[in-house]
Amino acid sequence: MDQPQASVPVPQVIWESLELTLSNVVRALTKDIAKSLGKSHEPLAKALSGKIKVHLVEEDAAEDARCPFMCQHAETPAFLSPCGQPILWGSTRCPAHLVATEPKLRKMSALKHEDVLYGLEEDGTVYSGQGEPVGFYDGTRLTLLNTS
Ligand SMILES: [Zn+2]
C-alpha cells in the first residue's frame, strides 16, 4: 500500500551533490560489508537501490514556492516581512510556519533598496530594520537621510 510522501523543495545543485556523495558512501559501505562477510556485494547493493521522489525547485524559485508568512527577521526586528523559506510541498507555508499564527507587530510594507530591506509606513516614512526612521518615500523616489 502506497502512502503519499511529503517532500520539501531543495536547490537542485545541493541535492545532486548530496545524492552523489551518499551513493558513493553507500557503494563503498556495501562492498566493505560484503567483503567482511565474504559474500558478493551484488544482493546487498540491489536491496539498497530503492529510490524515493524528491520535489526539486531552482534556488531562484517563483514567489509561490516561498513562504509568505509575515514574521520578524534578525536583521529587521522592527517590522514583519515575508519568511521567504521554501514551502512544504502541498502547502502554502514552510515547515516552521505550517501552523503558526502571525505575531502582533506593526505591519509595514517592505521596501528593498541596494539589498537593504526597509519598512515603509503608509505616510511614506521609511524605517530601518531596527525601527529607526531613516528617510521617506513619495511613491516614486526614495530619500534616505544621512544619520551617521
Ligand atoms: Zn516560513
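Up top is the structure these notes are about.
Now for a look at the structure at hand. Numbering of residues begins from 1 in every chain and follows the order in which that chain's sequence is written. It should be noted that, the model being predicted, local features are given only for residues of pLDDT at least 70 and side-chain atom pairs only at 80 or more, the latter also being counted only at that level, while totals for whole chains, interfaces and linings use all residues. Just so you know, side-chain values use all the structure's heavy atoms and leave hydrogens and water out.

## A closer look at the overall build of the chain
Secondary structure counts use DSSP, requiring at least four H or I residues in a row for a helix and at least two E residues in a row for a strand, with both numbered from the N terminus. Helix and strand content of the chain: two helices and seven strands. Each of the 148 residues in the chain was classed as buried or not, and the buried ones make up 26%. Relative to all contacts within the chain whose residues are 6 or more apart in sequence, the contacts with residues 24 or more apart total 41%. Accessibility throughout is a Shrake-Rupley quantity obtained with a 1.4 Å probe, and a residue counts as covered only by protein chains that appear here. Accessible surface computed for the chain: about 11100 Å², of which carbon and sulfur atoms make up 56%. When accessible area is computed with a 1.4 Å probe and restricted to protein chains, residues below 20% of their type maximum are described as buried, those above 50% as exposed, and intermediate ones as partly exposed. We call two residues in contact when some of their heavy atoms are within 4.5 Å.

## A closer look at the nonpolar core
Take the buried residues of types Ala, Val, Leu, Ile, Met, Phe, Trp, Tyr and Cys, join any two whose side-chain atoms come within 4.5 Å, and each joined set is a nonpolar core. Counting residues in hydrophobic clusters, the biggest one holds six residues: C67, F69, C71, C83, I87 and C94. The residues touching C67, leaving out its near neighbours within four places in the chain, are P82, C83, G84, Q85, I87, T92, R93, C94 and H97. Among the nonpolar cores identified, the runner-up in size contains five residues, and L111, L120, V126 and V134 belong to it.

## So, helix α1 (residues 12-37)
With 26 residues, α1 ought to run about 38 Å at 1.5 Å a step, and its terminal C-alpha atoms sit 37 Å apart, in line with that. Phi turns positive one or two residues past the end of α1, at G38, with a value near 70°. Helix span is expected to be 1.5 Å times the residue number reduced by one.

## Focus on the pairing of strand β1 (residues 70-73)
The side chains of a regular strand alternate, first on one face of the sheet and then on the other. Following DSSP output, two strands are said to pair if at least two bridges run between them. As defined by bridge partners, β1 adjoins strand β2 (residues 76-82) across four bridges and the pair is classed as antiparallel. Directly across from C71, in β2, lies its bridge partner S81. Linkage of β1 to β2, two consecutive antiparallel strands, is achieved through a turn of two residues.

## Here's the deal with the environment of Q85
Mapped onto the secondary structure, Q85 falls in the loop between β2 and β3 (109-113). Overall, the relative accessible area of 45% leaves Q85 in the partly exposed class. Residues Q85 and A96 lie eleven residues apart in sequence; the distance between their C-alpha atoms is 9.2 Å. If we ignore the near neighbours within four places in the chain, the residues touching Q85 are A65, R66, C67 and C94.

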